[in-house]
Each structure stands twice: as C-alpha cells, then as structure tokens.
Protein chains: 2
Amino acid sequence: MARELLEALDQAGVRLTGPRRELAALIARRQGHFTAADLLADAEQRSLGISRATVFRLLELLADRNLVERVDLPDGRHAYVPCEPSHHHHLVCVSCGAISEVEDCGIEAVTAEAARRSGFEIQSHRLELFGRCPRCQNVEPRQ
Amino acid sequence: MARELLEALDQAGVRLTGPRRELAALIARRQGHFTAADLLADAEQRSLGISRATVFRLLELLADRNLVERVDLPDGRHAYVPCEPSHHHHLVCVSCGAISEVEDCGIEAVTAEAARRSGFEIQSHRLELFGRCPRCQNVEPRQ
DNA sequence: CTCCTATTGAGACTTAGTCTCAACTCTGGT
DNA sequence: ACCAGAGTTGAGACTAAGTCTCAATAGGAG
C-alpha cells in the first residue's frame, strides 16, 4: 500500500525522497481516516524530523492525484482517506473512524434530477455518509 | 428573513439582544453562502462593535437549530447558508456563490443501498453539489 | 423597576495551514 | 562514479480560523 502510493508518485514524475517514503509508510499503516495533525504526530513520535510543511505538501500532492481523498468530518475537521483514484464516496464510522468506500449506487440520477430542477450545470459533487460500522454496532448495539 | 431568524431564536428561549438583531440583519441581506469572516467583516465595516466570539457563537446557535447550514466549500473553507430547517441539500454556484436548495430527490435510496452493501448503520449524510447557476452560464457560457 | 442570568467584548490562546529561504538531495546525463 | 541543477526540505515566521476566560453589561420575567 505504501508501495502503491510511491509508485504512483514516481509515475507522476515526483521525486521519491526520504521524507516521502516515510510518510507513505505512516499513511499505509493507518486504519481509516486521519488528519494532517495525526500524521504529523506519528512522524514526531518516531523522531523522523519531518516538518509540518512537508506533511501538508505531501497530502496536497496525493490529493491532487486522487490517491488520498479529503473528507470533511461532521465536526468540521478535515481528514484524509487513502483510496482508489476512481470516483466514489465514503462511509465514515463515527465511533472508530473506519472508512468504507462506496462505488456509484445511483447518485448520478440524483445529481441529474437536481440539475434539471435547478437549471444548474453541475460540475462536481461530494457525498459523505456517517454512521456506525458493523463492528461498532456489535460492540455497543443500539446506542 | 431577518425576522424569521429572530422569531425562531425567540421561540427557542434565546435572548434577542442587540448584536443578535444586527447579525441577523446582516445575514438576511447576504446572497448565497458566506463565511464567518464575511460576517465579521460586514460588522466591522459598519462599526457595530461586535466581537469575533459573538459571531461564532451566533452561527453555532443558528446551526444547532438548522436555521443555517454549514457547507464545506471545495477549497476547504467553511461557509454557512441560511435555509429552511428541513432536511435538504445545497447546490453551490462556484462562480458567484449563489445557493439553491434541493429537496429530496432519491438520495434516500442511495444511502439505503450503501448501507445494505456495507453493513453500516447510517446516521447522517451530507451531499453537496457544485457547479454553475443558470445566470453564470449565460454570462460566460461553456467555460 | 429590579434582579438574576444570559450574553457580551476584549484579548489571550490554540490549532490549522501557508510561505520564505537557505541548505540539501534526488536523478538524469556524462 | 560523478556532477549539476532542479526539486525538495526544515525551520520558523506568519496568517487565519476558531475557542476560551472573565469582568462588565443588558434582556426580560416578575
């Protein structure tokens, strides 16, 4: 998974530097979504000497190439999710942070209908679903 | 429209203070979405002497009561949109910032399908549509 | 009119993210 | 292997967004 990120960056003509390899590894071992601050904390905990700016720069690179997607959490924070570079949406578990990807399941029809009603020319959309994953439902049912 | 906001706050047992009346009026005269910073700038321009904290506090009050909705712009900024307190989604014009509301148009089916596939128990969702409104399409067609 | 409580402004504080710049390090060409 | 130069980095200043505290103020119920 870290390998995939690095390969994709290499393809894009981006240099594979030490900090980038290390950050890719940190991202790979994360479960679910993470914030820039999380990643920064990981790096500091391991004394990798990676600066804040580098973390933000890499996340921007990855986001530009759709190797990571920005998700806006319900509380307003910005998080990132490693994912396939195809269009899809995310299910975010509000208990444990687990992420699940959802391929198209009819959203196109919804946007088309909205465009028709409003006269807007829709360029992009963002759908985020929040709830509890199967595991968390078992741990604390009916919460 | 400022009246509606104030009435709703009154209903909720919140005091109708000077700053709140003034901010409600500023919100009412805004077209489309606005950020907390926009509102703050409006207030400063008119020398209303309203502090940053008060602006954020009112926006939080309004958001809690669904009188205003938080929207995450594609560039990551947080904006607010005055709106009906029923569930719906927003179409945001990326050229002029105009907002249009969309009532349910089949999104429930999409979330149900996603829940079925993933096993998640979906609690909430957020759908934001970005594009160009009819007016902007006419001004600069096919951009 | 009075009193109590919600609310306010000021400003310190925290967190997120950007920017600059000199120093460093990939990588392609030799 | 070596070199040159363009891409990248760390440090830290800087900006913007948002929160918090606390003394002072002002709604509004009675």
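Residues numbered from 1 in each chain as written. Chains lettered and ligands numbered in written order. Predicted model: local features only at pLDDT ≥ 70, side-chain atom pairs only at ≥ 80, totals over all residues.

Caption draft 1: Region of the structure containing helix H2 (residues 18–28) of chain B. All names here are of chain B. Arg20, Leu23, Ala24, Leu26 and Ile27 are the residues of H2 that are buried. Projected down its long axis, H2 shows its buried positions confined to an angular sector of 160°, all on one face. The secondary structure elements touched by the buried residues of H2 are helix H1 (2–11), helix H3 (36–45), helix H4 (52–64) and strand E2 (78–82). (Buried ≥ 20, exposed ≤ 12 C-beta atoms within 10 Å, placed from the backbone. Helix = DSSP H or I, 4+ residues; strand = E, 2+ residues; numbered from the N terminus. Arc of directions from axis to C-beta. Contact = placed C-beta atoms within 7 Å.)

Caption draft 2: Here's a closer look at the packing of helix H1 (residues 2–11) of chain A against helix H2 (residues 18–28) of chain A. Residue and element names in this part refer to chain A. Here H1 crosses H2 at 140°, and the two axes come no closer than 8 Å. Regarding the angle of H1 to H2, the classification is oblique. For the crossing formed where H1 meets H2, the hand is right-handed. Judged by residue contacts, Ala2, Leu5, Leu6 and Leu9 of H1 engage Arg20, Arg21, Ala24, Ala25, Ile27 and Ala28 from H2. Residues belonging to the contact of H1 with H2 are distributed by class as follows: eight nonpolar, no polar and two charged. (Axes fitted to C-alpha atoms, helices over the stretch in contact; angles between N-to-C directions. Parallel < 35°, antiparallel > 145°, perpendicular 65-115°, else oblique. Left-handed = near helix turned anticlockwise from the far one by under 90°. Nonpolar A, V, L, I, M, F, W, Y, C, P; charged D, E, K, R; others polar.)

Caption draft 3: Region of the structure containing the pairing of strand E1 (residues 68–72) of chain A. Residues and elements named next belong to chain A. Across the five residues of E1, four count as buried, placing the element largely inside the fold. Where E1 meets strand E2 (residues 78–82), five bridges bridge the pair, whose relative direction is antiparallel. Within the sheet, the bridge partner assigned to glutamate 69 lies in E2 and is valine 81. Linkage of E1 to E2, two consecutive antiparallel strands, is achieved through a turn of five residues, within which glycine 76 is found at a positive phi near 95°. (Pairing = 2+ DSSP bridges.)

Caption draft 4: Spatial organisation of the protein's contact with DNA strand C. Surrounding DNA strand C, one finds 23 residues, the nearest of these being A:Ala53, A:His78, B:Arg15, B:Ser51 and B:Thr54. Contributing elements (two or more residues each) for the surface near DNA strand C: helix H3 (36–45) and helix H4 (52–64) of chain A together with H2 and H4 of chain B. A total of four residues in the surface near DNA strand C trace back to one element, the largest contributor, which is H4(B). Its residues placed into classes, the surface near DNA strand C shows nine nonpolar, eight polar and six charged. (Near = placed C-beta within 6 Å.)

Caption draft 5: Up close: the protein's contact with DNA strand D. Taken together, 23 residues surround DNA strand D, and among them A:Arg15, A:Pro19, A:Ser51, A:Thr54 and B:Ala53 come closest. Where the surface near DNA strand D is concerned, the elements lending two or more residues are H2 and H4 of chain A together with H3 and H4 of chain B. When the residues that make up the surface near DNA strand D are grouped by side-chain class, the tally is nine nonpolar, eight polar and six charged.

Caption draft 6: Looking closely at the relation of the copies chain A and chain B. Superposing chain A onto chain B requires a rotation of 180° together with a translation of 0.0 Å along the rotation axis, leaving an RMSD of 0.0 Å. Taken together, the turn and the small shift mark the pair as related by a two-fold rotation axis. Considering only C-alpha atoms, the residue of chain A closest to the rotation axis is A:Leu127, which sits at 2.2 Å. (Least-squares fit on C-alpha atoms with pLDDT ≥ 70 in both.)

Caption draft 7: Fine view of the nonpolar core. By size, the foremost hydrophobic cluster in this structure holds 62 residues, and its most contacted members are A:Leu23 and B:Leu23. If we ignore the near neighbours within four places in the chain, the residues touching B:Leu23 are B:Leu39, B:Ala43, B:Ile50, B:Val55 and B:Leu58. (Core = buried A, V, L, I, M, F, W, Y, C linked by C-beta atoms within 7 Å.)

Caption draft 8: Here's a closer look at the environment of B:Glu22. Residue and element names in this part refer to chain B. Of note, glutamate 22 is situated in helix H2. Put simply, glutamate 22 and isoleucine 50 are 28 residues apart on the chain and 9.1 Å apart in space, counted from C-alpha to C-alpha. If we skip the residues at most four places from it in the chain, glutamate 22 touches Leu48 and Ile50.

Caption draft 9: Looking closely at the packing of H2(A) against H3(A). Residues and elements named next belong to chain A. Running from amino to carboxyl end, H2 crosses H3 at an angle of 115°, the nearest separation of the two axes being 10 Å. On the basis of the axis angle, H2 is roughly perpendicular to H3. Read as a crossing pair, H2 and H3 show a hand that is right-handed. Side by side, H2 and H3 meet where Leu23, Leu26 and Ile27 of the first sit next to Leu39, Asp42 and Ala43 of the second. Looking at the contact of H2 with H3, its residues break down into five nonpolar, no polar and one charged.

Caption draft 10: Structural detail: the pairing of strand E3 (residues 89–93) of chain A. Residue and element names in this part refer to chain A. By the criterion of burial, E3 is predominantly enclosed, with five of the five residues buried. Burial along E3 is two-sided: His89, Leu91 and Cys93 facing one way and His90 and Val92 facing the other are all buried. Judged from the four bridges that link them, E3 and strand E4 (residues 99–102) form a sheet pairing that is antiparallel. Residue pairing for E4: histidine 90 is matched across the bridge by glutamate 101.

Caption draft 11: Quick peek at the interface of chain A and chain B. Each partner contributes to the interface: chain A provides 35 residues, whereas chain B provides 35 residues. Mapped by element, the contributors of at least two residues to the side of chain A that touches chain B are E4, helix H5 (107–118), strand E5 (121–132) and helix H6 (134–139) of chain A. With twelve residues, the single largest contributor to the side of chain A that touches chain B is E5(A). By residue class, the composition of the side of chain A that touches chain B is 16 nonpolar, twelve polar and seven charged. With eleven bridges connecting them, E5(A) and strand E5 (residues 121–132) of chain B associate as antiparallel partners. Residue pairing across strands places A:Leu127 opposite B:Leu127, the latter belonging to E5(B).

Purely spatial values, then, with no claim about function.
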